[in-house]
Amino acid sequence: MASREKSAKTLRCPTCGALVRARDEDFPFCSDRCRKIDLGKWASGVYKISSPVVDPEVLEDLGGAGTGGGSREN
Ligand SMILES: [Zn+2]
């Protein structure tokens, strides 16, 4: 059971998890896009992409208003 494919060096793209071959141009990323995405993560700090981040305080405020009333319980 000697599989040549198994000996091929492959890694998973840190960004999307796709298999990437060592000889790939964008290794260890599957594509230039994924590489840029990963670089962007580090460049902007702690994995913060321009995505809608909800402040915990806001959630707390909303939750507090709901449970504070306590009118949902029978
Ligand atoms: Zn990828």
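Keep in mind the model is a prediction, meaning the values are calculated, not measured.

**Details of the overall build of the protein chain**
Right, so step 1: Counting its secondary structure elements, the protein chain contains 3 helices and 2 strands.
Right, so step 2: Contacts spanning at least 24 positions in sequence make up 3% of the contacts within the protein chain whose residues lie at least 6 apart.

**What to know about the environment of Gly17**
Right, so step 1: Structurally, Gly17 can be placed in the loop between strand S1 (10–12) and strand S2 (19–21).
Right, so step 2: On the basis of neighbour counts, which here come to 10 C-beta atoms within 10 Å, the residue Gly17 falls in the exposed class.

**Remarks on the environment of Val20**
Right, so step 1: For Val20, the position within the fold is in strand S2.
Right, so step 2: C-beta crowding within 10 Å serves as the criterion here: with 22 such atoms nearby, Val20 is assigned to the buried category.
Right, so step 3: Through-space distance from the C-alpha of Val20 to that of Ser31 is 8.8 Å; in sequence the pair is 11 residues apart.
Right, so step 4: Aside from chain neighbours lying at most four places away, what touches Val20 is Thr10, Leu11, Arg12, Cys13, Phe27, Pro28, Phe29 and Cys30.

**Things to note about unusual backbone geometry**
Right, so step 1: Of the consecutive residues Phe27 and Pro28, the connecting peptide bond is found in the cis state with omega at 0°.
Right, so step 2: Note on placement: Pro28 falls in the loop between S2 and helix H2 (32–43).

**Side note on the confidence of the model for the protein chain**
Right, so step 1: Averaged over every residue, the pLDDT of the protein chain is 75; the share at 70 or more is 54%.
Right, so step 2: Of all secondary-structure elements in the protein chain, the lowest mean pLDDT belongs to helix H1 (residues 4–7), at 56, while S2 reaches the highest, 93.

Rules and cut-offs
Residues numbered from 1 in each chain as written. Predicted model: local features only at pLDDT ≥ 70, side-chain atom pairs only at ≥ 80, totals over all residues. Helix = DSSP H or I, 4+ residues; strand = E, 2+ residues; numbered from the N terminus. Contact = placed C-beta atoms within 7 Å. Buried ≥ 20, exposed ≤ 12 C-beta atoms within 10 Å, placed from the backbone. pLDDT = per-residue confidence, 0-100.

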